[in-house]
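# Chains, contacts and geometry: an overview
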Amino acid sequence: MDKELGFETINLGHGSGGLMTRDLLDKIIFKTFSNPFLDQKHDGSIVKFNGEIAISTDSFVVSPIFFKGGNIGDLAVHGTVNDVAMCGAIPRYLSLAFIIEEGLKIEDFVSIVNSIKKAADESSVQIITGDTKVVERGKGDKIFINTTGFGDVNPKANISTDNIKIGDKIIISGQIAQHGMAIMSQREGLEFESSIVSDSTNLNFLVNDLIDEFGDKIHLFRDPTRGGVASVLSEISQDTKMGVVIHEDKIPLEKQVAAACEILGLDPLYVANEGVFMAFVEAEIGDAVLEMMLKDEKGKNSACIGEVTKEHPGKVVMHSSIGGKRIVSPLIGEQLPRIC
């Protein structure tokens, strides 16, 4: 039994808005995330920004809620922080909302909250407002989280699909498919001989450094989460009506992840990532961007995987390692449900 709250699990009273809710908030939420904004215990927060701001919201329903390399808490921070960064912005603040199923262990909730705090601190963002709801047992699946991120747009940034042009180089910041396969390695009791760890991490500092260095010569950032690399490239190719060429032997992929994908019949190009971004940059700075990324811990496995071409507009073509070519089609349906 939790010594402070007097309960082993979350119950409906913790979402009632009464004394039990206040107890939960005071002893866990406000205590953990204490800052001048949240300490006001108001319905919301008032913040100042200098110029344009980027806003992104995301909901997290991953199952299991604890996985190798993280949990639903730090994933909820990393996911939204990275989405704001992909807009060319510097993340500053997050809202945080919980939907908790009655019966969730208090110790699990505390562990998730502590992970959120750690991830937020590492990302240099503050939790400034939030909400907590509790649903009846069987009406949820342990815990769902929503986060909304707010950030100042870097004045040197001009991030838009409209900026992509023929010849742009496509650079990816790390090994693909690790998050999705980390989830699959635990789901349904499935285990692999080697431990595959989620790549969930914040990418905001590396992205901002790249913008500071190269400015509007970086045309687009995207993080290939659900649907993976293939879905991002397919969307961009279709939206720009340009072709994309990628090279299989250039795509960074850990051997044990590749083996796990083969066992399960999954194409790693379609598997989710949570600590990787893709950059479309002018050809003339491609080498310099890659060099800078490789020097950063968050980009040490970066690679230039392809380029934008006038050939086969609206389609992504991969040159295989054995010399052939194949079209990389958009993902149809759900390959891996509840992955983030």
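So, here is what we can say about the structure in this document. Residue numbers here run from 1 along each chain, matching the order of that chain's written sequence. Totals for whole chains, interfaces and linings use all residues, but because this is a predicted model, local features are given only for residues with pLDDT of at least 70 and pairs of side-chain atoms are given and counted only at 80 or more. Each side-chain value is worked out from all heavy atoms of the structure, with water and hydrogens disregarded.

## Let's talk about the overall build of the protein
Let me state the cut-off plainly: Each helix corresponds to a stretch of at least 4 residues labelled H or I by DSSP, and each strand to a stretch of at least 2 residues labelled E; elements are numbered beginning at the N terminus. For each residue, the accessible area found with a 1.4 Å probe, counting protein chains only, is set against the maximum for its type, and the residue is called buried under 20%, exposed over 50%, and partly exposed in between. By definition, residues are in contact when any of their heavy atoms lie within 4.5 Å. In these tables, accessible area is a Shrake-Rupley quantity obtained with a 1.4 Å probe, and a residue counts as shielded only by the protein chains included in the view. Charge counting treats Lys and Arg as positive and Asp and Glu as negative, with His and both chain ends excluded. Note that the charge is assigned to NZ on lysines, CZ on arginines, CG on aspartates and CD on glutamates.
A count of helices and strands for the protein gives eight helices and 13 strands. Projected onto the principal axes, the alpha-carbon positions of the protein cover approximately 65 × 50 × 30 Å. Relative to its 340 residues, the protein shows a buried fraction of 50%. Taking as baseline every contact in the protein between residues at least 6 positions apart, the subset at least 24 positions apart corresponds to 85%. Looking at the protein as shown, the accessible area adds up to about 15,600 Å², and 50% of this sits on carbon and sulfur atoms. Counting 33 positive and 49 negative side-chain charges, the protein places the centres of these two groups 1 Å from one another.

## What to know about the side chain of Ser56
Here Ser56 shows up in strand S1 (residues 53-60). On the basis of relative accessible area, Ser56 is assigned to the buried category, the value being 14%. Setting aside its immediate chain neighbours within four residues, Ser56 contacts Thr80, Asp83, Val84, Thr147, Thr148 and Gly149.

## A closer look at the pattern of salt bridges
Using the following cut-off: Salt bridge criterion: a side-chain nitrogen from Lys or Arg within 4 Å of a carboxyl oxygen from Asp or Glu.
Inspection of the entire model under this criterion finds 15 salt bridges. As a salt-bridge pair, Lys118 and Glu122 come within 2.6 Å of each other at their nearest N and O atoms. With Lys118 and Glu122 both in helix H3 (residues 106-123) and four residues apart, the pair spans about one turn of that helix. Here Glu122 falls in the partly exposed class, since its relative accessible area comes to 40%. Note that Arg222 and Glu235 form a salt bridge whose closest N and O atoms lie 3.0 Å from each other. Here Arg222, found in strand S8 (residues 218-222), pairs with Glu235, found in helix H6 (residues 228-240); they are 13 residues apart in sequence, far enough to count as distant. Take Glu235: its relative accessible area is 38%, and that puts it in the partly exposed class.

## A short note on helix H5 (residues 204-214)
Considered for burial, the residues of H5 that qualify are Asn204, Leu206, Val207, Asn208, Leu210, Ile211 and Phe214. On its buried side, H5 packs onto helix H2 (72-86), strand S4 (89-101), H3, S8 and helix H8 (286-294). The first or second residue beyond H5 is Gly215, which carries a positive phi of 55°.

## Details of the sheet that holds strand S12 (residues 316-319)
Note the cut-off: At least two bridges found by DSSP between two strands is the condition for calling them paired. In this analysis, axes come from line fits to C-alpha atoms, helices being fitted only over the stretch in contact, and the angle between any two N-to-C directions falls in the range 0 to 180 degrees.
Pairing is mixed across the open sheet formed by seven strands, whose spatial order is S8-S10-S7-S11-S9-S12-S13. Every interior strand has two partners, whereas the edge strands, S8 and strand S13 (325-327), have only one. Across the sheet, the mean angle from the axis of one strand to that of its neighbour is 25°, orientation sign disregarded. In this sheet, S13 lies alongside S12 in antiparallel orientation, the contact comprising three bridges. Looking at S13, one finds that Val317 is bridged to Ile327. Set on the sheet, H6 makes contact with strand S7 (169-172), S8, strand S9 (243-247), strand S10 (278-281), strand S11 (303-309) and S12; between it and S10 the angle comes to about 30°.

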